Amino acid sequence: MTDTRRRVKVYTLNEDRQWDDRGTGHVSSCYVERLKGMSLLVRAESDGSLLLESKINPNTAYQKQQVHPCTSCKPMVKYVLHPFLCLRQGRLELLPADTLIVWSEAENYDLALSFQEKAGCDEIWEKICQVQGKDPSVDITQDLVDESEEERFDDMSSPGLELPSCELSRLEEIAELVASSLPSPLRREKLALALENEGYIKKLLEIFHVCEDLENIEGLHHLYEIIKGIFLLNRTALFEVMFSEECIMDVIGCLEYDPSLSQSRKHREFLTKTAKFKEVIPISDPELKQKIHQTYRVQYIQDMVLPTPSVFEENMLSTLHSFIFFNKVEIVGMLQEDEKFLTDLFAQLTDEATDEEKRQELVNFLKEFCAFSQTLQPQNRDAFFKTLSNMGILPALEVILGMDDAQVRSAATDIFSYLVEYNPSMVREFVMQEAQQNDDDILLINLIIEHMICDTDPELGGAVLLMGLLRTLVDPENMLATANKTEKTEFLGFFYKHCMHVLTAPLLANTTEDKPSKDDFQTAQLLALILELLTFCVEHHTYHIKNYIINKDILRRVLVLMASKHAFLALCALRFKRKIIGLKDEFYNRYIMKSFLFEPVVKAFLNNGSRYNLMNSAIIEMFEFIRVEDIKSLTAHVIENYWKALEDVDYVQTFKGLKLRFEQQRERQDNPKLDSMRSILRNHRYRRDARTLEDEEEMWFNTDEDDMEDGEAVVPPSDKTKNDEDIMDPISKFMERKKLKESEEKEVLLKTNLSGRQSPSFKLSFSSGTKSNLTSQSSASNLPGSPGSPGSPGSPGSPGSVSKSTSQMAAITTKGGLVGLVDYPDDDEEDDEDEDKEETLPLSKKAKLDSS
């Protein structure tokens, strides 16, 4: 069974003062030869890997703590852990006492061991106290003082750190002193000051030469530890000494002798013999040249020579990063100020006499130059790119992109990307100016499009990058608008006139027939990129892209790609059409209907069969959008031309819903008089104000019931003047047409009436004579003086009532039976608005009847 006494979690404190869990393992204490002392080791319980190796330093303050909340509970506590339980998970339980040991490995690098059992914690605590000569009963091995107090105490009573004399025989003592000083911020500060004041580093490097001459491997190993420790002191003043021209190669030499490696590395040999410094343009400033050499070597030390920092050392090299950063800033500034250098650079770039190898070096230098500029502050970066623009970088790129060398073009593309990302307006202004002087074929943007189209990479990595740059250039969101000109209007006019035909050329060339003429993977990828940009244009541009699509019949050509064997390309084509339909623009809709551009979509839908995939869902979503948004022209076009092909699709109700929409539209178009009659009825039913309503109600109560015939409707006097024949004529014609409808259509309409819609439908009762009784659905007909109202003659439950109607559905009653009318969504709102008003009327009537 695994020993749980020494089972621990290892935590480190990150920059945000939050604890990071480094893993769970088992802790032990033993003597480590490499660290020259007793150390704490934690090996992971999963694979036995080393999670922690920490020497127990005599001067480090170790603290044994008890209960601690998690970081979300009490952030005022310095060491905030909850190793096995957490309040964030809704559990508030106290840990057993004395289960945590916390210490600082270095400045801002706090460590903690959280023990599962108290016995294991006590055992390790005794080992720590034994090394430091402390009583295990204490909770902290060293007195902690505030940093400011520590500094004051140091100023008053502590002299500077005294370094051992720099001799070969004392290298081990020096290495131990450096290692023991690293965990304490105060001791690090003292050590750094001592190294600076005494010129100690140069003395150490002199001993390095002696050790190499004598092949004293042990001494070289000690020097490695000393120099590495000096790097971890993180002091700019020390770096200035170590990276000086006379010292830097010796420092690199010391770092070749890593004790953990069986053989030394050959870093100096690489830097002096393999790595070659080329001046593509002679640099006259010796300070600039020295700064370039220094930056390259320090970058090499950071990337290749220094060992990968442990989790405790990651931020202890921040000053080294800053040293490189500011060196690059200085280099860019010095080059930018050297006008002769930049003038020669661009002159040779554009000179036809420059040989290919030289031009390649020039372009690579310019690319590196632009990459360095990314380290500049925004204000300095503005000045940098403005300088390049004034020197003619865009005309130079235009010349370079027209060359045959693929590597040169690739580097030029990278430079162009820096310019576009920095200031797209600058690039737009240049291309519009050059369009007045040059042919379309050699325009900068057209060269970019051609490189995108001709990308030889099977994965089209370069084409994807160039497409992103084009998208940035045509994006209206980053275009400027001033009082004198609008960049959007001018540039888009230029782009559609001079560049769009180049972009769409591969698409038009590949869609001359009913299916793509070339359908290989690389071509499909290229066309997908072009469609992506065109879709972006549809969304963000207005009349420019609309005119282009309609005049060039682009959508029809795009839909040819629906027949591609590559699903991603067919989906790109479908997405392009969906974006157009989503605009709900009648110009586009008429173009789609005129060219029958739903045919490729329907064909692809049918060819896809019953497979439930992305193609199936995307096509159905398109038709569902047309139905939900009630795009009448497209609805009619789809049903009239493709209903037979789609009527059997019953696993979704989209197409039946489209058919229903179409039927509703046709009924309105075929019966304008009926529609106007409904409008009149609605006006009389809903448009009366409160005074009219009260007058009519009073008139009804004053009317003697005996004066009215059974079943006769009471209507306002204004309605009695209506000519019944005029109203009944369109209704009679409508009834004749309804009798001729197929039984299938009747079923569809019946389903509609049973679907729960609350639109008002009308019930028209015809007697064998000339009398007619017009009633409406109960929820919309309880108006005073209207047939079917409670208490009115001829309504259920009223005195003298003849018919007892219990139906809640409206229908047309004829000798032949019941037929449902189409419901009109337009009436829904008006029905709902007056529903409350109508429900209160029967109650007032009933009260008056009771009182009489």
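Everything discussed here concerns the structure shown above.
Residues numbered from 1 in each chain as written. Predicted model: local features only at pLDDT ≥ 70, side-chain atom pairs only at ≥ 80, totals over all residues. Heavy atoms only, no water.

Just give me the short version of the nonpolar core, but keep the residues and values in it.
The nonpolar side chains of a soluble globular protein tend to be buried, and buried together. The biggest cluster of nonpolar side chains holds 128 residues, and the ones touching the most others in it are I445, M452, F491, F494, I549, F598 and F623. Ranked by residues supplied to this core, first place goes to helix α22 (residues 521–540) with 12 residues. Among the nonpolar cores identified, the runner-up in size contains 50 residues, and A175, F243, Y257 and V298 belong to it. (Core = buried A, V, L, I, M, F, W, Y, C linked by side-chain atoms within 4.5 Å. Buried < 20%, exposed > 50% of the residue type's maximum accessible area, 1.4 Å probe, protein only. Helix = DSSP H or I, 4+ residues; strand = E, 2+ residues; numbered from the N terminus.)

How would you sum up a nonpolar patch on the surface? Please name residues and give values.
Together, L168, V210 and L214 make up an exposed nonpolar region whose accessible area comes to about 250 Å². In this structure, L168 sits in the loop between α2 (147–157) and α3 (171–181). (Patch = residues over 30% accessible without salt bridge, like charges linked within 9 Å, V, L, I, M, F, W, Y side chains within 5 Å. Areas by Shrake-Rupley, 256 points an atom, 1.4 Å probe, with all protein chains shown as cover. Salt bridge = Lys/Arg side-chain N within 4 Å of Asp/Glu carboxyl O.)

Tell me about the pairing of strand β4 (residues 50–55), residues and numbers included.
Inspection of the sheet shows strand β3 (residues 37–44) paired to β4 by five bridges, in the antiparallel sense. By the bridge assignment, L41 is partnered in β4 with E53. Adjacent in sequence and paired antiparallel, β3 and β4 are bridged by five residues, among which G48 carries a positive phi angle near 80°. (Pairing = 2+ DSSP bridges.)

Outline the side chain of S564, supporting the account with residue identities and numerical values.
Along the chain, the position of S564 falls in the loop between α24 (554–559) and α25 (567–582). Looking at S564, its side chain comes within polar contact range of the side chain of D519, at 2.8 Å. Engagement of the side chain of S564 in a polar contact is seen with the backbone nitrogen of H566, the distance being 3.0 Å. With near-sequence residues (within four places) excluded, S564 lies in contact with P516, D519 and L569. (Polar contact = N/O pair within 3.5 Å; in protein donor to acceptor, adjacent residues only side chain to side chain. Contact = heavy atoms within 4.5 Å.)

Which residues make up the packing of helix α28 (residues 614–628) against helix α30 (residues 654–670), and what values do they have?
Remark: α28 packs on α30, axes separated minimally by 9 Å, with the N-to-C direction vectors making an angle of 30°. Taken together, the axis directions place α28 and α30 in an arrangement best described as roughly parallel. As for how α28 packs across α30, the hand of that crossing is left-handed. Residues I620, F623, E624, I626, R627 and V628 of α28 lie in contact with α30, whose contacting residues are T654, F655, G657, L658 and R661. Of the residues that constitute the contact of α28 with α30, the class distribution is six nonpolar, two polar and three charged. (Axes fitted to C-alpha atoms, helices over the stretch in contact; angles between N-to-C directions. Parallel < 35°, antiparallel > 145°, perpendicular 65-115°, else oblique. Left-handed = near helix turned anticlockwise from the far one by under 90°. Nonpolar A, V, L, I, M, F, W, Y, C, P; charged D, E, K, R; others polar.)

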